[in-house]
Amino acid sequence: MAIDRRKTFTKQPRETYPIDVDFSEVTPLGNDEIVSATASAVGWPRREPNNKTDATSEVLLYTNLVVVSGICSDVVRLQVQGGQHNYDYQITILVTYNNGSIIEDELYMRVREE
């Protein structure tokens, strides 16, 4: 699944799948490439955004992300998993470029049993 940056997506609790996130619109000018990317997550019960807890190991299969080769050097891949029904999650991605630039961005994941 590919997803635009700053988007919200919904998954079911038992689903596990990769998501490609494209950073090309915010890549610094020039021939810069992503050299590393990490992710973390916090979660909260639906409609209780002030009740956030660390959910990194619950919803992310790994925290060091893969730079997707063969597509372009501006795409990173993360693997989402699990999550609790009726919880919302903010996934923060931190991308570092070979020129020293650092970009931080968020995705929002809703977990709902359908």
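Whatever comes next refers back to the structure up there.
Presented here is an overview of the structure given in this document. (Residues numbered from 1 in each chain as written. Predicted model: local features only at pLDDT ≥ 70, side-chain atom pairs only at ≥ 80, totals over all residues. Heavy atoms only, no water.)

Looking now at the pattern of salt bridges. Across all of its chains, the model carries three salt bridges by this definition. Salt-bridge contacts for Glu-113 lead to Arg-14; the nearest nitrogen and oxygen are separated by 3.5 Å. With Glu-113 in the segment after strand E9 (102-111) and Arg-14 in the loop between strand E2 (8-11) and strand E3 (17-22), this residue pair connects regions lying 99 residues apart in the sequence. We classify Arg-14 as exposed; its relative accessible area is 70%. Asp-20 is the partner of Arg-77 in a salt bridge, and the nearest nitrogen-oxygen pair spans 2.6 Å. (Salt bridge = Lys/Arg side-chain N within 4 Å of Asp/Glu carboxyl O. Helix = DSSP H or I, 4+ residues; strand = E, 2+ residues; numbered from the N terminus. Buried < 20%, exposed > 50% of the residue type's maximum accessible area, 1.4 Å probe, protein only.)

Moving on: unusual backbone geometry. The phi dihedral of Arg-47 falls on the positive side, at around 65 degrees, and the residue is not glycine. Summarising the element assignment, Arg-47 is placed in the loop between strand E4 (34-45) and strand E5 (53-54). Residue classification places Arg-47 among the exposed positions, given a relative accessible area of 70%. The backbone of Asn-86 shows a phi angle near 65 degrees, a positive value even though the residue is not glycine.

Spatially, the five strands line up as an open sheet ordered E2-E9-E8-E4-E5, and their pairing is mixed. Every other strand in the sheet has two partners, leaving E2 and E5 as the edge strands with one partner each. (Pairing = 2+ DSSP bridges.)

The subject of this paragraph is the side chain of Gln-81. Its location among the elements puts Gln-81 in the loop between strand E7 (75-80) and strand E8 (87-97). Its relative accessible area of 18% is what places Gln-81 among the buried residues. From its side chain, Gln-81 meets the backbone oxygen of Ser-57 in a polar contact 3.2 Å long. Excluding residues that lie within four positions of it along the chain, Gln-81 makes contacts with Lys-11, Glu-15, Thr-16, Ser-57, Glu-58, Val-59, Leu-60 and Leu-61. (Polar contact = N/O pair within 3.5 Å; in protein donor to acceptor, adjacent residues only side chain to side chain. Contact = heavy atoms within 4.5 Å.)

Okay, the nonpolar core next. In terms of nonpolar packing, the biggest core is built from 25 residues, with Phe-23, Leu-78, Val-80, Ile-91 and Ile-93 touching the most fellow members. Looking at this core, the elements that each hand over two or more residues are E3, E4, E7, E8 and E9. Among the elements that line this core, the one with the most residues is E8, at five residues. (Core = buried A, V, L, I, M, F, W, Y, C linked by side-chain atoms within 4.5 Å.)

In this fold, Asn-64 is placed in the loop between helix H1 (56-59) and strand E6 (66-67). Measuring from C-alpha to C-alpha, the distance between Asn-64 and Ile-93 comes to 9.8 Å, with 29 residues separating the pair along the chain. Excluding anything up to four places from it in sequence, Asn-64 contacts Ala-37 and Thr-38.

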